[in-house]
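Here are the chains, one letter per residue:
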There are 2 protein chains.
Amino acid sequence: MENDGLIYYNGAEDFAKKINGPGSFVLVMGNTKTAAIPGITAAGASAELNVYTPPLDAELVHTGRIITLDEIPFTPPFIPTPGLITRAVISMSDFREFYVDAGIDVAPVVPHYRVGFGSGGDIRTGKAVSRVKEIIENAKKVGAEIASKSEYIVIGETIPAGTTTALGVLLALGLDMNGYTSSSMNTNPHQLKTSVVMEGLKNAGINGSCDAIKAIESMGDPMMAATIGLCIGAKDVPIILAGGTQMAAVAVLLSKIYDISKLNIALSTTRWVAQDKTSNLFGILKQAGVEIPVLIASLSFAGTQFEGLKAYEQGYVKEGVGAGGISAIAMVKGIKKTDIEQAVENMYGMMVGGK
Amino acid sequence: MENDGLIYYNGAEDFAKKINGPGSFVLVMGNTKTAAIPGITAAGASAELNVYTPPLDAELVHTGRIITLDEIPFTPPFIPTPGLITRAVISMSDFREFYVDAGIDVAPVVPHYRVGFGSGGDIRTGKAVSRVKEIIENAKKVGAEIASKSEYIVIGETIPAGTTTALGVLLALGLDMNGYTSSSMNTNPHQLKTSVVMEGLKNAGINGSCDAIKAIESMGDPMMAATIGLCIGAKDVPIILAGGTQMAAVAVLLSKIYDISKLNIALSTTRWVAQDKTSNLFGILKQAGVEIPVLIASLSFAGTQFEGLKAYEQGYVKEGVGAGGISAIAMVKGIKKTDIEQAVENMYGMMVGGK
């Protein structure tokens with residue numbers, strides 16, 4: 001069912017009725033050394049700069065500008081982080097904001113909770129995240145604390161190479177989902193991702209399937225552990241996992257650890273992910289038996305004058321920083337799709353200036 | 001000059017006229033392994049629990065309760081953290097709050113900036129803080145960011161054993177200040193502190209004097225580096241260093257790194273420090289030639305029914321968590337001294353309950 005820029009699946013119309021009040025947006029920041037593998041991610045101008053993606057996203061969303069670096073180096077056209085969409089929605093709505101360090105290399109100049117212990121490892125080693133249970137426990141406390149002052153929470157993520165670790169945990173769980181995860185590039189490097197994951201599974205000694213904690217420890221990333229903990233801690237309020245196939249993987253992991261029928265939980269992402277022919281968001285949820293409500297924000301930059309934004313229509317970026325979810329929930333709250341698109345275009349115009 | 005619970009020194013009356021608007025309170029959290037030396041500090045129930053003092057202080061000030069531990073173990077009477085005073089003032093006034101991790105072991109369940117890289121070392125080794133210049137640079141960005149939304153900033157600290165590291169840097173700078181720094185105990189363990197510092201100076205190879213950066217690297221703590229950076233970054237607004245001899249040491253260090261005549265800076269602490277016969281706050285400032293304005297909050301718990309609070313009148317605790325400075329500035333803003341004392345007593349009564 002479609003309605004004013006929103007598309008509902010799996011009973012999401014009923015879920016949307018639970019959205020009342022300002023609500024809180026939570027951005028979970030993580031790094032994994034997997035992002036340094038050449039060709040694996042476009043979320044960062046280079047392998048060296050990937051470590052800055054999470055703090056710069058947080059700074060952009062919170063302040064409207066970047067602080068930790070003076071400027072972002074890029075080759076024109078500048079394809080912007082989806083954090084620009086998130087920032088646009090934040091600036092035109094009344095969400096509270098919270099930031100969570102799940103395990104990052106460079107701290108943002110933005111106040112944040114810290115639940116993790118530094119960036120995750122290269123999953124090719126089969127050693128991805130240490131202290132997973134501790135991260136979950138810390139995040140449970142933070143989730144409860146945020147929920148205590150929230151009508152509902154929208155959880156987004158920023159972690160370069162997160163779709164590769166998503167594939168990693170899905171295969172570690174024994175699910176037959178090769179080719180199901182999305183990519184920030186327009187040509188999804190499935191072959192590279194699969195070979196990376198296979199190497200990791202071999203080194204982790206996972207032959208067949210393992211449990212969710214072991215899957216994260218071996219093949220996941222810190223964002224997953226933190227987001228799982230946040231959801232469990234925030235169990236008393238509606239939760240929106242704002243992301244594509246990465247958040248679908250989190251939902252699958254969560255369902256193995258916690259009885260999600262006790263949660264009011266949905267997933268929300270962009271049309272660019274939902275309609276992506278190089279990945280299969282709904283396949284992940286269906287095959288894993290986690291058919292939670294899904295809300296799609298039907299944003300479009302087809303009409304923009306900017307090449308950098310048009311790239312979204314050509315399959316670049318697609319999702320991240322909770323862009324789809326926060327847009328969808330903002331629309332549920334009454335903000336117009338076209339106003340979000342216009343705000344993004346205005347902000348982008350100011351960012352690139354005469355460039 | 002005394003006025004309604006406030007005592008002014010060094011031209012602080014004029015400084016007080018610059019205090020307009022809500023202002024921001026900044027709590028800088030740090031740990032140093034120096035705190036594990038038996039007998040060096042009372043800021044924490046035991047050496048093992050010292051690492052929890054900064055996060056619990058932050059949680060108490062921000063939320064009115066502790067989160068990271070279920071309860072604080074203590075032997076009656078429970079002498080409370082000065083964070084209780086800070087919390088009382090926060091709850092009855094309109095300060096904005098910011099929290100800064102300068103280098104701690106356990107993160108609080110409170111959103112905070114992170115400028116440091118873990119706790120400082122035992123100063124007996126002569127290796128106290130690595131990456132001092134990086135901490136200062138990070139903190140400068142945070143200071144500028146906070147100042148951009150603040151009329152003025154009040155900077156407090158929470159770091160067990162901070163008076164010992166204060167002595168450490170003062171002697172490292174070549175100042176003759178043995179016996180000048182305060183203590184959280186009623187019997188100031190000067191002999192122990194001096195022997196700890198002497199061992200550190202020897203191991204650091206400091207024979208005579210060194211510069212401020214080297215003093216912090218060898219004999220200081222992460223809080224000092226962070227606070228210096230915050231002050232430099234916040235140079236466009238009035239700054240109140242809220243603390244006793246630890247903040248006096250920070251002012252001295254800052255004066256060696258930056259032209260403080262360009263800053264609008266004052267120090268503010270409690271009567272318990274200002275009148276302490278076992279330390280010499282004004283001696284530190286005078287002898288170092290850093291005669292910035294000083295505002296004293298003349299709080300008293302002489303009339304309380306609670307032994308735990310009366311202990312403050314017997315020389316226990318004295319200061320910390322910005323308690324004196326935030327009380328003084330609250331009084332400048334018009335809050336009554338007796339109302340602060342009553343609020344602390346009420347909160348303490350609720351904390352200890354029937355105990």
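Details of the structure are given in the entry above.
Throughout what follows, the structure given in this document is the object of discussion. (Residues numbered from 1 in each chain as written. Chains lettered and ligands numbered in written order. Predicted model: local features only at pLDDT ≥ 70, side-chain atom pairs only at ≥ 80, totals over all residues. Heavy atoms only, no water.)

### Considering the side chain of His112 of chain A
Right, on to step 1. Structurally, the position occupied by His112 of chain A is in the loop between strand S4 (96–103) and strand S5 (113–114).
Right, on to step 2. A distance of 2.8 Å separates a polar atom in the side chain of His112 of chain A from the backbone oxygen of Val110 of chain A.
Right, on to step 3. Beyond its immediate chain neighbours, meaning those up to four positions away, His112 of chain A contacts Met29, Tyr99, Val100, Asp101 and Ala107 of chain A together with Val110, Pro111, His112, Tyr113 and Arg114 of chain B. (Helix = DSSP H or I, 4+ residues; strand = E, 2+ residues; numbered from the N terminus. Polar contact = N/O pair within 3.5 Å; in protein donor to acceptor, adjacent residues only side chain to side chain. Contact = heavy atoms within 4.5 Å.)

### Some words on the packing of aromatic side chains
Right, on to step 1. Going through the model one piece at a time under the given rule, you end up with 14 aromatic pairs over all chains.
Right, on to step 2. Taking 4.5 Å as the distance between ring centres and 50° as the angle between the ring planes, the aromatic pair formed by Tyr9 of chain B and Phe282 of chain B counts as tilted. Of this pair, Tyr9 of chain B sits in strand S2 (residues 6–9) while Phe282 of chain B sits in helix H11 (residues 281–287), and the two are 273 residues apart along the sequence.
Right, on to step 3. Through a chain of ring-to-ring contacts, the aromatic side chains of Phe78, Phe306 and Tyr348 of chain A assemble into a single cluster.
Right, on to step 4. Sitting above the plane of the Phe117 of chain A ring, Arg131 of chain A keeps its charged end 3.6 Å from the centroid.
Right, on to step 5. Above the plane of the ring of Phe95 of chain A lies Lys333 of chain A, whose end atom (NZ or CZ) is 3.6 Å from the centre. (Phe/Tyr/Trp six-rings, centres within 6.5 Å; stacked < 30°, edge-to-face > 60°. Lys NZ or Arg CZ within 6 Å of the ring centre and 35° of its normal.)

### A short note on the pattern of salt bridges
Right, on to step 1. All told, the structure shown has 26 salt bridges over all chains when counted by the stated rule.
Right, on to step 2. For Lys17 of chain A, the salt bridge identified is with Asp14 of chain A, shortest N-O distance 3.2 Å.
Right, on to step 3. For Arg114 of chain A, the salt bridge goes to Asp101 of chain B, with nearest N and O atoms at 3.0 Å. On the criterion of chain membership, the pair formed by Arg114 of chain A in strand S5 and Asp101 of chain B in strand S4 (residues 96–103) is interchain, its members lying in two chains. (Salt bridge = Lys/Arg side-chain N within 4 Å of Asp/Glu carboxyl O.)

### Remarks on the relation of the copies chain A and chain B
Right, on to step 1. Placing chain A over chain B gives an RMSD of 0.0 Å and needs a rotation angle of 180°, together with 0.0 Å of translation along the axis. Taken together, these values place the two copies in the relation of a two-fold axis.
Right, on to step 2. The share of interface residues of chain A whose copies in chain B are also at the interface is 100%, consistent with both copies meeting through the same surface. (Least-squares fit on C-alpha atoms with pLDDT ≥ 70 in both.)

### Considerations on the nonpolar core
Right, on to step 1. Judged by nonpolar contacts, the single largest core of 82 residues is most densely connected at Val26, Ile155, Leu253 and Leu254 of chain B.
Right, on to step 2. Each residue touching Ile155 of chain B, except ones within four places of it in the same chain, is listed here: Val26, Val28, Thr227, Leu230, Cys231, Ile239, Ile240, Leu241, Ala242 and Met247 of chain B. (Core = buried A, V, L, I, M, F, W, Y, C linked by side-chain atoms within 4.5 Å. Buried < 20%, exposed > 50% of the residue type's maximum accessible area, 1.4 Å probe, protein only.)

### Details of the interface of chain A and chain B
Right, on to step 1. With 18 residues of chain A at the contact, the number on the chain B side is 18 residues.
Right, on to step 2. Roughly 1,600 Å² is buried in total at the junction of chain A and chain B, and carbon and sulfur atoms are behind 52% of that figure.
Right, on to step 3. Between the two partners, chain A and chain B, sit 4 salt bridges.
Right, on to step 4. On inspection of chain A and its partner chain B, the count reaches 7 residue pairs in polar contact (both at pLDDT 80 or more).
Right, on to step 5. Secondary structure elements with two or more residues in the side of chain A that touches chain B: helix H2 (53–63), S5 and helix H4 (132–147) of chain A.
Right, on to step 6. At 3 residues, H4 of chain A tops the list of elements feeding residues into the side of chain A that touches chain B.
Right, on to step 7. Grouping the constituent residues of the side of chain A that touches chain B by class yields 8 nonpolar, 4 polar and 6 charged. (Buried area = accessible area lost by both parts, 1.4 Å probe. Nonpolar A, V, L, I, M, F, W, Y, C, P; charged D, E, K, R; others polar.)

### Observations concerning the side chain of Thr32 of chain B
Residues and elements named next belong to chain B.
Right, on to step 1. For Thr32, the position within the fold is in the loop between strand S3 (24–30) and helix H2 (53–63).
Right, on to step 2. We classify Thr32 as buried; its relative accessible area is 5%.
Right, on to step 3. There is a polar contact of 2.6 Å between the side chain of Thr32 and the side chain of Thr34.
Right, on to step 4. Within polar-contact distance, the side chain of Thr32 engages the backbone oxygen of Gly121 at 3.2 Å.
Right, on to step 5. When near neighbours in sequence (up to four residues on either side) are disregarded, Thr32 contacts Gly120, Gly121, Ile159, Pro160, Ala161, Thr165 and Asp221.

Keep in mind that these numbers describe shape and distance, not what the molecule does.
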